[in-house]
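# Fold and geometry: a report
This is what each chain is made of:
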Amino acid sequence: MSIATTSNVRTALVIGGGIAGPVVAAALLKAGIQATVYEAYPTLTEGIGGGLALAPNGLAALSVIGADDAVRALATPAAGTVMAVGGNTRRLPNLADVEPLQIVGRGDLHRVLHDRAVEAGVRFEYGKRLVAADEDPNSVTGRFEDGSTASADVLVGADGVRSTVRTLIDPQAPAAGYTGLLGFQGYLDASPDLDPEPGVMTFAFGKRAYYLFWKMADGRVTWGANLPSKKYMSLTDARAIRAEQWLRTLRETYAGDLPGELLAYRTTAENLDITGAIHIMPPVPHWHRGRMVLVGDAVHAPSNSTGQGASLAIESSIQLARCLRDLPDATSAFNAYEQLRRERVERITKRGARTNSAKTPGPVGRKAMQVLMPVFFKVMNFEKVMGWEQRYRIDWDAPVEVGTSVG
Ligand SMILES: Cc1cc2nc3c(=O)[nH]c(=O)nc-3n(C[C@H](O)[C@H](O)[C@H](O)COP(=O)(O)OP(=O)(O)OC[C@H]3O[C@@H](n4cnc5c(N)ncnc54)[C@H](O)[C@@H]3O)c2cc1C
């Protein structure tokens, strides 16, 4: 149900057309606020590879803009998850009555979200890199690298973990932290000795590095490598090194791990996506200032270890639109939005930081993990640990009130 806004905010510039951008723009439109998305890349899918898993809470939030079924139609459900430490594997319990994770290609996800937003009436402009913004009492103006400008009542920074809007809001804002891990994703054909159970995602702690793998609907195997590296490398730095050279490093790193070494040996250079440094955001002191506000990785990138980055970005987008719909002005809406979101995203980010440390444990830590894993699974209450994350639901129709803590 679309609800007319009671706010004096009527128009929004949304900076970034990744995941949060199209979702917040479509949700703003549903709330009666006209939104235009400005994306730095020249086209919709350029440079986008790999896949990600959307959690049930993320899919539920997507249902507010009617994009959940289109995503499910393109996704592979991961009905089961397995943890592997050395030779020990354990199946993780599923939460009762909660749908499985949905694994979707990043390019597919971007396309679905873009198409849904366009259908809702959102306009996209590509090749628009925001470089500055000025505010006056009545509006905010975004300035783009190509010299053009655009003005609106508010500006939403959905511009990812290396956000420009974050530093426009607060020049002292922390930069994204580096997890000490570089990301890669590879694809290969299944074979008799490498044929994961369909619908099962395995998280594997190898001798030297962590990796994960699963079988896709088309029968191929996808794997993700988290390579420990003291040296920080941006996406551009990492892609400046040839894929063949990265494959040599990955093969050395996963030698002796099963099936890690098979995955590394059988991936070809053409089938390796290089992601670069994996980031995690420290708490951001100022989520908003004046007419500008942050959403998604720009303010709360919890790192890939949580499997929640995209889902949290979607949830925050919906909550921001809800707040702008119901509260009288930008300041009260941004305050309520931060109040609804900060605790949840920071708690999940802390879980991500703990998992990141476990991904690079050293030989003693690894041995301890092997010994402790069976005990850990015996005593772990999966519902208590994961239930609150995955069962989170947003009631779009419920009005947001100042000082509210309703989800
Ligand atoms: C290796 C890896 C695996 C991951 N796996 C998962 C997973 O399984 N599940 C999950 O939920 N999450 C996962 N994530 C995290 C997830 O990708 C992010 O949380 C999600 O992409 C955040 O969406 P966003 O829209 O906030 O940012 P982004 O997707 O980064 O989009 C930001 C957009 O803003 C644009 N932009 C940047 N600067 C400007 C500017 N100045 N002007 C205009 N446009 C700009 C960018 O080009 C980009 O299109 C993973 C991340 C990595 C690195």
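An account of the accompanying structure is given in this report. (Residues numbered from 1 in each chain as written. Predicted model: local features only at pLDDT ≥ 70, side-chain atom pairs only at ≥ 80, totals over all residues. Heavy atoms only, no water.)

## Considerations on the nonpolar core
Going by this rule: What is meant by a nonpolar core is a set of buried Ala, Val, Leu, Ile, Met, Phe, Trp, Tyr and Cys residues, joined one to another through side-chain atoms within 4.5 Å. Buried residues are those whose accessible area, probed at 1.4 Å on protein chains only, stays under 20% of the maximum for their type, while exposed residues exceed 50% and partly exposed ones sit between those limits. Runs of E in the DSSP output that reach at least two residues are strands. Runs of H or I that reach at least four are helices, and both are numbered from the N terminus. In what follows, residue pairs with any heavy atoms lying within 4.5 Å of each other are defined as contacts.
Core analysis: the largest hydrophobic core is formed by 81 residues, its most contacted members being Val14, Leu28, Leu54, Leu62, Leu155, Ile318 and Leu320. Among the elements that line this core, the one with the most residues is helix H10 (residues 309-326), at nine residues. When near neighbours in sequence (up to four residues on either side) are disregarded, Val14 contacts Gly21, Val24, Ala25, Leu28, Ala35, Thr36, Val37, Tyr38, Val156 and Ala158. Ala209, Tyr211, Leu247 and Ile274 belong to the second-largest nonpolar core, a separate cluster that totals 27 residues.

## Digging into the sheet that holds strand E6 (residues 88-92)
Formally: A strand pair is defined by DSSP finding two or more bridges across the two strands. What counts as an axis is a line fitted to C-alpha atoms, over the stretch in contact for a helix, and the angles between N-to-C directions run from 0 to 180 degrees.
Spatial strand order, E6-E5-E14-E15-E16-E13-E17: seven strands in an open sheet with mixed pairing. At either end of the open sheet lies a strand with only one pairing partner, and these are E6 and strand E17 (272-280). The mean inter-strand angle of the sheet, taken between neighbouring strand axes irrespective of direction, is 20°. Most of the contacts of helix H11 (residues 330-358) go to E17, to which it runs at about 120°, and overall it touches strand E13 (177-189), strand E14 (200-205) and E17.

## Thoughts on unusual backbone geometry
In terms of backbone geometry, most residues other than glycine have negative phi values and most peptide bonds are trans. The omega angle of the peptide bond from Leu258 to Pro259 is 5°, so this bond is cis rather than trans. Here Pro259 is to be found in the loop between helix H7 (243-253) and helix H8 (260-266). One non-glycine residue, Asp97, lies in positive phi territory at about 60°. Residue placement: Asp97 occurs in the loop between E6 and strand E7 (101-105). Despite not being glycine, Ser303 shows a phi value in the positive range, around 80°. Structurally, Ser303 can be placed in the loop between helix H9 (297-300) and H10. Ser303 sits in the buried class, given a relative accessible area of 7%.

## Some thoughts on the packing of H11 against helix H13 (residues 382-390)
Which entries qualify depends on this criterion: Orientation is classified from the angle alone, with under 35 degrees giving roughly parallel, over 145 giving roughly antiparallel, 65 to 115 giving roughly perpendicular, and any other angle giving oblique. Left-handed describes a crossing whose near helix is turned anticlockwise from the far helix by less than a right angle; the clockwise case is right-handed. Nonpolar residues are Ala, Val, Leu, Ile, Met, Phe, Trp, Tyr, Cys and Pro. Charged residues are Asp, Glu, Lys and Arg, and all others, Gly as well, are polar.
Direction vectors running N to C along H11 and H13 enclose 135°, while the axes themselves pass 11 Å from each other. Classified by the angle their axes make, H11 and H13 are oblique. For the pair H11 and H13, the sense of crossing is left-handed. Contact residues: H11 offers Arg344, Arg347, Ile348 and Arg351, while H13 offers Met386, Trp388 and Glu389. A class-by-class count of the residues in the contact of H11 with H13 yields three nonpolar, no polar and four charged.

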